[in-house]
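# Remarks on the overall topology
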Amino acid sequence: GNSVTQMEGPVTLSEEAFLTINCTYTATGYPSLFWYVQYPGEGLQLLLKATKADDKGSNKGFEATYRKETTSFHLEKGSVQVSDSAVYFCALSPPNDYKLSFGAGTTVTVRA
Amino acid sequence: GAVVSQHPSWVICKSGTSVKIECRSLDFQATTMFWYRQFPKQSLMLMATSNEGSKATYEQGVEKDKFLINHASLTLSTLTVTSAHPEDSSFYICSANRAGPAGTQYFGPGTRLTVL
């Protein structure tokens, strides 16, 4: 079946530090890959996505590259801000399917 | 934008009672809506897929008679937790699929259910 494994948290960083959250997946074929973010008290929001191998998704300074060879979709940001404090979820959907399978989520706290 | 609302945002009920949670897509039509359950510090678990005008498709292990889903219109789906018990206490989240690239789901803010 499909599954997503992401780095356990919580992660605590100082402002302007580099952030990496690892995500690997197991799936048949070429799934679409996503990063969702959940800010305190809010619903999940799509942060970025990639739909085929070697695609790079980017948004708000965050980036992730679809690596088929390593079945990974690691999230990175070069300089985090306090406002990036949130829970980040890696997810996938199979080809031609809207269903999402989520990772466990990683809580990120950025301190001023 | 694509906004999805849920009502209520939180609810406390007594064991044995039923609770209805609404999910609405406010500015788009959603042919498909999804219901998830999220336990504290855990990921979202898909409970069921709801298509407008047809019966919901439940994931393995989810009791369809316990969690009744109705998708009466293109902007409204409801989840009713019947005869709720303390173990049903959880965070319930819906999402609505907007026509377009696969996986473009827009999530509601969630409903916190506490069963006493």
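None of the values given here were measured: they were computed from a predicted structure. (Residues numbered from 1 in each chain as written. Chains lettered and ligands numbered in written order. Predicted model: local features only at pLDDT ≥ 70, side-chain atom pairs only at ≥ 80, totals over all residues. Heavy atoms only, no water.)

### A word on the overall build of chain A
The following threshold applies: Segments assigned H or I by DSSP are reported as helices when at least four residues long, segments assigned E as strands when at least two residues long, and all are numbered from the N terminus. When we talk radius of gyration, it's over C-alpha atoms, and the globule rule is simply 2.2 Å times the number of residues to the 0.38. Three exposure classes are used, based on accessible area relative to the maximum for each residue type with a 1.4 Å probe and protein chains only: buried under 20%, partly exposed in between, and exposed over 50%. Should any heavy atoms of two residues lie within 4.5 Å, those residues are counted as being in contact. Using a 1.4 Å probe, the Shrake-Rupley method yields the accessible areas, and only the shown protein chains count as cover for residues.
Per the secondary structure count, chain A includes zero helices and twelve strands. Counting from the amino terminus, helix and strand elements in chain A follow one another as β-β-β-β-β-β-β-β-β-β-β-β. Computed over its C-alpha atoms, the radius of gyration of chain A comes to 13 Å, within 12% of the 13 Å expected for a compact globule of 112 residues. Taking the principal axes of the C-alpha coordinates as reference, chain A spans close to 40 × 25 × 20 Å. Put simply, chain A has 112 residues, and 45% of those count as buried. Put simply, of all contacts in chain A between residues at least 6 apart along the chain, 56% involve residues at least 24 apart. A total accessible area of about 5,300 Å² is found for chain A, and carbon and sulfur atoms account for 47% of it.

### Some remarks on the nonpolar core
Residue and element names in this part refer to chain A. For clarity, the threshold we go by: Among buried residues, those of type Ala, Val, Leu, Ile, Met, Phe, Trp, Tyr and Cys that are joined through side-chain atoms within 4.5 Å constitute a nonpolar core.
In terms of nonpolar packing, the biggest core is built from 26 residues, with Trp35, Leu75 and Tyr88 touching the most fellow members. Elements that contribute at least two residues to this core include exactly strand 2 (11–14), strand 3 (19–21), strand 4 (23–26), strand 5 (32–38), strand 6 (44–50), strand 8 (62–65), strand 10 (86–93) and strand 12 (106–111). Top contributing element to this core by residue count: strand 10, with four residues.

### Digging into unusual backbone geometry
Excluding glycine, residues mostly carry a negative phi; peptide bonds, for their part, are mostly trans. Cis peptide bonds are those with omega within 30 degrees of zero, and the linkage from Gly9(A) to Pro10(A) qualifies with -5°. Secondary-structure assignment places Pro10(A) in the loop between strand 1 (3–6) and strand 2. For the bond from His7(B) to Pro8(B), the omega torsion is 0°, close enough to zero to count as cis. Relative to the elements of secondary structure, Pro8(B) occurs in the loop between strand 1 (4–7) and strand 2 (10–13). In the Ramachandran plot, Lys60(A) falls in the positive-phi region, its phi being about 55° despite a non-glycine side chain. One can find Lys60(A) in the loop between strand 7 (56–59) and strand 8.

### What to know about the state of the cysteines
Should the sulfur atoms of two cysteines be covalently bonded, the bond is a disulfide. Residue and element names in this part refer to chain B. Here is the rule: Here, the term disulfide refers to a pair of cysteine sulfur atoms separated by no more than 2.5 Å.
On inspection of all chains with the given rule, the structure shows two disulfides over all chains. Its sulfur unpaired, cysteine 13 is 18 Å from the next cysteine sulfur, which belongs to cysteine 94. A relative accessible area of 9% places cysteine 13 in the buried class.

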